[in-house]
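Residues per chain, in single letters:
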Amino acid sequence: MRRRPVKTLTVLALAGAMAAGSAATANSAPQNDERGKDIRNVIYLLGDGMGRTHVTAARDRYYGPGGKLTMETLPYTGAVATYAVEKGTAKPSLVTDSASSATAWSTGVKTYNAAIGVDSYEKKVATLMEQAKAAGFATGNVSTAEITDATPAAQFSHALLRGCQGPVYSDAACLPKKEDGTYEAAPADKTLITPIAEQIARNGTADVVFGGGLARFEPDDQKALQAQGYQVLGNFGDAALPAQTAASQKVATKADLDKANGKKVIGLFNRGNLTVEQAKAGLPADAPQKQEPTLADMARKSIALLSDRKQQERGKGKGFFLQIEGAQIDKRSHANDAAQTLGEVKAFDDAVKAAYDFAKKDGHTLVIVTADHECAGFNIIEHGTYTNSEAVAPPANTDAGNPANNSTPSRATSGAKDTTRSTGIVNGAGSGDAKNFAPATFRTPDDAPDVKDGSPEASLWLTYLSGNHTGADVPIFAYGPNGSAFAASQNNTELYTKMYRSLFGRSPQHH
Ligand SMILES: [Zn+2]
């Protein structure tokens, strides 16, 4: 099917004044109060699916419980509520997906799960990255997922459904279904059903684009990018072919990344998602996956390119806005793979360090580190204990003697799945078997040298509640000018407002 043409995306007309912003309160005495110092750059980093316990478990694993990940050394901390809303309403839906959550912080509006840069009523909303770009900031979007995946997509595209990634249009991927199972009519604004890859390649919203997802793009996308002045790393394929393959496309490599020097650069380092770090570590040196950069490599390079560019244009007075996503924390949590999940939290934290190091030297950079939602109900249980799904009966009620506390839930069988409540949309085969939810164990630096991962002697015992997202609040850490604004319990839509104020020095107008 012929793809639909893309119109130039324009920032929506803005009307009405926004109510005065909420006062931010710091939880702790400000240690690095740089209010009044002017902000030039905002670097927003998120670990997809990274809940509070993901951070704690990675700290235990790599530094011991008394240590700290880099993100935990940022001076301001808070929490973020992540819920979505049901489509066509303002009714909260307690557990969000990445699309709805990313749209919340990129546009300031709550929307339905699967929505990219549109509100609950399918209306296109301007994103912070588009607004930053239009105001003269340099912009960057970096992810270890396909760059067309929901989290990066919500800053630089607009789609009714996150699955509309490309390379080609299909009703199934791009058009929502009505309750009767038929597709909604195509919207008047065809952008909203244009494959995300095609939008990214034509709208010029991000000057620097690093991630995976080359298979979503086609040779005409490469031409469109080059026509706008992008340096394209690798090659998007052979225009003579009807469809691209691993043989016709050339992924970008770490060596290409190191050499990149354009004002606008796109590098896609895998045809799908980037390879998880632990899987990469076990491969021979000449394996193609070993040529992929780490998230920290991409962070350092994107910061260097964007800050260089502003150096060259000194006098214009604008800095950059950069989003960096560690995507595989979520993907590995869906699979209940604790070892790779922890490895990806560490890889994300290394990227945080790259941003933090730059910000400390620069003095005019706000760094924000957070997540879009928690994934899988990750938790640390007491050494030697087991989960309720493994137990033959509910935990004994130690308060049974107290008549006020004597209610004990009952369960017919151990490990049984309640089919009226559990659809198991992400849980795979075996999810009904309680044995598959036994604790995963890991050594910490405080354990004796001969204690091995996976042994009962290891002190870090980890479990999962499910293979899906949860509605838990996520942590947020901030550093730099206006960092104290994030030291609060806040909604994910407020992140948009606060970042907008940080970049533009005034409150956003209501969409
Ligand atoms: Zn997820």
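Data block above holds the structure.
Residues numbered from 1 in each chain as written. Predicted model: local features only at pLDDT ≥ 70, side-chain atom pairs only at ≥ 80, totals over all residues. Heavy atoms only, no water.

Peer 1: Would you take a moment to explain the sheet that holds strand β12 (residues 379–381) for this structure?
Peer 2: Strand pairs in the sheet, formed through backbone hydrogen bonds, run parallel or antiparallel to each other. Spatially, the three strands line up as an open sheet ordered β12-β14-β13, and their pairing is antiparallel. Taken across any chain shown, the strands that pair with only one partner, and hence form the sheet edges, are β12 and β13 (440–442). Strand-to-strand twist in this sheet, taken as the mean axis angle between neighbours without regard to direction, amounts to 40 degrees. Pairing geometry for β13 and strand β14 (residues 460–463), over three bridges, is antiparallel. Paired with A440 across the two strands is L462, which belongs to β14. Packing against the sheet, helix α12 (residues 338–362) makes contact with β13 and β14, and its axis sits at approximately 50 degrees to β13. (Pairing = 2+ DSSP bridges. Helix = DSSP H or I, 4+ residues; strand = E, 2+ residues; numbered from the N terminus. Axes fitted to C-alpha atoms, helices over the stretch in contact; angles between N-to-C directions. Contact = heavy atoms within 4.5 Å.)

Peer 1: So what exactly am I meant to see when it comes to the coordination of the zinc ion here?
Peer 2: Each donor-metal-donor angle in an ideal tetrahedron of four donors is 109.5 degrees, and each such angle in an ideal octahedron of six donors is either 90 or 180 degrees. Binding of the zinc ion to the protein goes through D330 (OD), D330 (OD), H334 (NE2) and H469 (NE2), at separations of 2.0 to 2.6 Å. Coordination at the zinc ion is irregular, judged from the four donor atoms that bind it and the angles of 54 to 140 degrees they form at the metal. Of the residues examined, D330 reaches a relative accessible area of 6% and is grouped as buried. (Donors = N, O, S within 2.8 Å, 3.2 Å for Na, K, Ca; no water. Tetrahedral: all angles 85-135°; square planar, octahedral: opposite > 155°, others 65-115°. Buried < 20%, exposed > 50% of the residue type's maximum accessible area, 1.4 Å probe, protein only.)

Peer 1: What is the right way to read helix α7 (residues 219–227) from this model?
Peer 2: Along an α-helix, a turn takes 3.6 residues, which lines up residues three or four apart on a common side. Every buried residue of α7 is accounted for by P219, D221, Q222, A224 and L225. On its buried face, α7 sits against α6 (196–203), β7 (230–232) and β8 (264–268). Immediately beyond the C-terminal end of α7, within one or two residues, lies G229, with a positive phi of roughly 95 degrees.

Peer 1: Can you help me understand the packing of helix α2 (residues 98–107) against helix α13 (residues 492–504) in this one?
Peer 2: The packing of two helices is summarised by the inter-axis angle and the distance between the axes. Running from N to C, α2 and α13 cross one another at 30 degrees; their axes reach a closest spacing of 6 Å. Here α13 runs roughly parallel to α2, going by the angle between their axes. When you trace α2 past α13, the crossing you get is right-handed. Here α2 contributes S101, A104, W105, S106 and T107 to the contact with α13, which in turn contributes N492, T493, L495, Y496 and M499. Counted by class, the contact of α2 with α13 contains five nonpolar, five polar and no charged residues. (Parallel < 35°, antiparallel > 145°, perpendicular 65-115°, else oblique. Left-handed = near helix turned anticlockwise from the far one by under 90°. Nonpolar A, V, L, I, M, F, W, Y, C, P; charged D, E, K, R; others polar.)

Peer 1: How should I be thinking about the side chain of D330 in this particular structure?
Peer 2: Within the secondary structure, D330 sits in helix α11 (residues 328–334). We note that D330 is buried and unpaired, the nearest opposite charge coming from K331 at a distance of 5.5 Å. At 3.3 Å, the side chain of D330 and the side chain of H469 are in polar contact. Those residues in contact with D330 that lie beyond four places of it in its chain are D48, G49, H373, C375 and H469. (Lys, Arg positive; Asp, Glu negative; His and termini not counted. Salt bridge = Lys/Arg side-chain N within 4 Å of Asp/Glu carboxyl O. Polar contact = N/O pair within 3.5 Å; in protein donor to acceptor, adjacent residues only side chain to side chain.)

Peer 1: In this structure, what is going on with the sheet that holds strand β1 (residues 41–47)? I would like to understand it.
Peer 2: Spatially, 10 strands are ordered β7-β8-β6-β5-β9-β1-β10-β16-β2-β17 in an open sheet, and the strand pairing comes out mixed. The open sheet terminates on both sides in strands that have one partner only, identified here as β7 and β17 (489–491). For this sheet, the mean angle separating the axes of adjacent strands, direction not counted, is 15 degrees. With three bridges joining them, strand β10 (residues 365–371) and strand β16 (residues 474–479) adopt antiparallel strand pairing. Each residue of the ladder has a partner; that of V369, found in β16, is F477. Across the face of the sheet, α13 comes into contact with β1, β2 (76–81), β9 (320–326), β10, β16 and β17 while running at roughly 95 degrees to β17.

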